[in-house]
Every structure is written in structure tokens, then in C-alpha cells.
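Observations on the three-dimensional arrangement
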Amino acid sequence: MLLWINGPFGGGKTQTAYEMHRRLPGSVVCDPEHAGFGLNRMLPPGLRGDFQDLRSWRQGVVEVLDLALTGHDGVVIAPMTVTHPGHFAETVGRLRELGHDVHHFTLLAERATVLRRLRERRFGYLLGSVTGNPAPRRESWAVRRLDHCLERLGEPEFAEHLWTDRTTVPKTADRIAVLAGLTLLPTSGGRLRTRLRQAGVGLRHIRRD
């Protein structure tokens with residue numbers, strides 16, 4: 001089974017993916033963004049753009065996820081923003097055509113909520129608040145793309161939609177599990193421990209590309 005977790009940049013995809021991974025024995029997170037960053041690093045800086053426009057990214061993501069789903073005995077989780085209908089068809093749609101059990105979810109939130117989350121993750125938030133550093137290039141790009149993402153991802157073709165403004169990451173993970181017919185281990189620790197885990201995930205996934 002593949003869980004593709006979509007949503008705007010800063011919408012909680014990665015946090016939710018790793019919360020599910022932690023509570024779902026045998027699961028693995030396969031992040032399609034890694035392939036995109038690798039392709040962009042192969043190009044001269046002046047030629048780098050949205051790696052999703054590269055056919056090699058779309059085909060490569062399908063090939064790798066097909067291999068993971070065929071060879072791995074467990075749930076595969078892919079946190080990735082995809083807003084272009086054609087790109088969606090060539091990735092999520094193609095994996096379904098190959099016969100895989102694909103469950104797609106889009107995490108949505110109000111614009112103000114997403115902006116707050118982007119600010120909180122800015123260079124690990126604490127580092128940015130101490131040094132006064134501006135948002136990294138990736139976060140600035142995410143803000144510029146936010147309105148487009150929210151508009152496109154609200155369309156019916158990107159369902160199932162889950163609104164996350166007034167819920168926590170563990171509860172979002174619980175909801176996805178119910179909809180996908182999965183059973184997660186109980187969440188452990190209190191609010192502080194949960195926040196520390198999420199901070200660790202955020203620091204490990206700071207994007208510098």
C-alpha cells in the first residue's frame with residue numbers, strides 16, 4: 001500500500017509521514033523530493049527550476065515507488081506536493097494503473113495557518129529567532145507558491161481532503177490510518193515529548209537546495 005500525502009509547502013506532510021512511520025511497524029518513508037533535488041543539483045544553477053517539470057523526475061518517482069511497493073513488505077509513505085493535474089496523473093495515477101493500492105490524501109489549512117507553520121520551521125525557527133536570519137530561499141519560494149497550492153489542491157481531483165488547522169499531527173495521522181484501513185500504535189509521551197519529536201523531524205528535513 002502507498003500513502004501519498006499531498007498538501008501545500010508547510011502543510012504538515014513530512015511531520016505526518018514520520019508520525020505514521022513511527023507508529024506503523026514495517027512502514028518506510030520514500031520522499032520523492034530527494035530525487036528532484038538530485039536532478040536539480042546536476043544542472044547549472046541558471047537552469048534549475050521546478051524539478052517536477054522534468055519528465056525524468058516523474059518517471060523516476062514512479063519507477064522507484066513501483067520497486068519499493070513491489071519489493072518491500074510494508075506500507076510505503078510518500079510526502080510530496082503535487083498540484084499540476086498532468087504531473088499528478090503521471091505519478092499517482094500511473095502507480096494506480098500499475099495495480100498498486102494507492103491512498104492519496106491532501107492536507108489543507110487556512111493561509112494564515114500555513115504561513116505561521118512556515119515561520120516556525122524557518123531555519124529551525126530557534127536559530128532564525130536568535131540570529132534574525134531571513135527565511136531560507138526554499139521557504140520564500142514556498143510562500144510565493146502558497147496561494148496557487150491552496151487553490152489547486154482544493155479541487156476534487158486532489159481529494160481526499162483533510163483540514164488540519166484545528167488538529168494535531170498525531171490526530172491527522174490517526175485520521176489517515178482510519179481512512180486507509182490501517183491500525184497505528186498508540187501515540188506515546190505527552191505534549192512536550194511530541195513537540196520535541198516534531199522539532200527533530202523538522203531539523204532533519206531543513207531544505208538548503
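Residues numbered from 1 in each chain as written. Predicted model: local features only at pLDDT ≥ 70, side-chain atom pairs only at ≥ 80, totals over all residues. Heavy atoms only, no water.

The number of helices and strands found in the chain is nine helices and five strands. Secondary structure elements of the chain, listed N to C terminal, follow the sequence β-α-β-α-α-β-α-β-α-α-α-β-α-α. In the chain, which comprises 209 residues, the proportion classed as buried is 44%. Intrachain contacts of the chain at a sequence separation of at least 6 include 80% that bridge at least 24 residues. As displayed, the chain has an accessible area near 11100 Å², and 55% of this comes from carbon and sulfur atoms. (Helix = DSSP H or I, 4+ residues; strand = E, 2+ residues; numbered from the N terminus. Buried < 20%, exposed > 50% of the residue type's maximum accessible area, 1.4 Å probe, protein only. Contact = heavy atoms within 4.5 Å. Areas by Shrake-Rupley, 256 points an atom, 1.4 Å probe, with all protein chains shown as cover.)

With that out of the way, let us pick up the environment of Pro79. The residue Pro79 is located in strand S3 (residues 76-79) in this model. Between the C-alpha atoms of Pro79 and Trp4, which are 75 residues apart in sequence, the distance is 5.9 Å. Among residues more than four places away in sequence, those in contact with Pro79 are Ile5, Lys13, Thr14, Ala17, Val29, Cys30, Asp31 and Pro32.

Let's shift gears to the pattern of salt bridges. According to the stated counting rule, one finds seven salt bridges in the structure shown. The partner of Arg22 in a salt bridge is Glu19, and the shortest N-O contact between them spans 3.0 Å. Of this pair, Arg22 and Glu19 both sit in helix H1 (residues 13-23), three residues apart, which is roughly one turn of that helix. Given the relative accessible area of 5%, Glu19 is considered buried. Close ionic contact of Arg23 with Glu19 constitutes a salt bridge, the shortest N to O distance being 3.1 Å. Placement of the pair is Arg23 and Glu19 together in helix H1, with a separation of four residues, close to one helical turn. The pair formed by Arg23 and Glu19 is uniform in burial state, with each residue classed as buried. Each of Glu19, Arg22, Arg23 and Asp174 takes part in one network of salt bridges that share partners. (Salt bridge = Lys/Arg side-chain N within 4 Å of Asp/Glu carboxyl O.)

Attention now moves to the pairing of strand S1 (residues 2-6). S1 sits mainly inside the fold: five of its five residues count as buried. A two-sided burial pattern is seen for S1, the buried positions comprising Leu2, Trp4 and Asn6 on one face and Leu3 and Ile5 on the other. Taken together, the four bridges between S1 and S3 define a ladder with parallel strand orientation. Within S3, the residue paired with Ile5 across the bridge is Pro79. (Pairing = 2+ DSSP bridges.)

The next subject is the nonpolar core. Of all hydrophobic cores here, the largest spans 30 residues; its most connected members are Leu2, Trp4, Leu65, Val76 and Leu95. It is helix H3 (residues 55-71) that contributes the most residues to this core, six residues altogether. Judged by nonpolar contacts, the second largest core, of 17 residues, contains Met20, Ile77, Leu107 and Ile176. (Core = buried A, V, L, I, M, F, W, Y, C linked by side-chain atoms within 4.5 Å.)

This brings us to the sheet that holds strand S2 (residues 28-29). As summarised here, the arrangement of the five strands in space is S2-S3-S1-S4-S5, forming an open sheet in which the pairing is parallel. Strands with a single pairing partner mark the edges of an open sheet, and in this sheet they are S2 and strand S5 (161-163). In the sheet, strand S4 (residues 102-108) pairs with S5 via three bridges, with the strands oriented parallel. Within S5, the residue paired with Thr106 across the bridge is His161. This element, helix H8 (residues 169-180), spans S1, S4 and S5 of the sheet and lies at about 150 degrees to S4. (Axes fitted to C-alpha atoms, helices over the stretch in contact; angles between N-to-C directions.)

Between H3 and helix H4 (residues 85-97), the shortest axis-to-axis distance is 9 Å and the interhelical angle comes to 15 degrees. One way to sum up the angle between H3 and H4 is to call them roughly parallel. The two elements H3 and H4 cross, and the hand of that crossing is right-handed. Along the contact surface, H3 presents Trp57, Arg58, Val62, Leu65, Asp66 and Leu69, while H4 presents His87, Glu90, Thr91, Arg94 and Leu95. (Parallel < 35°, antiparallel > 145°, perpendicular 65-115°, else oblique. Left-handed = near helix turned anticlockwise from the far one by under 90°.)

Nothing here speaks to function; it is geometry throughout.
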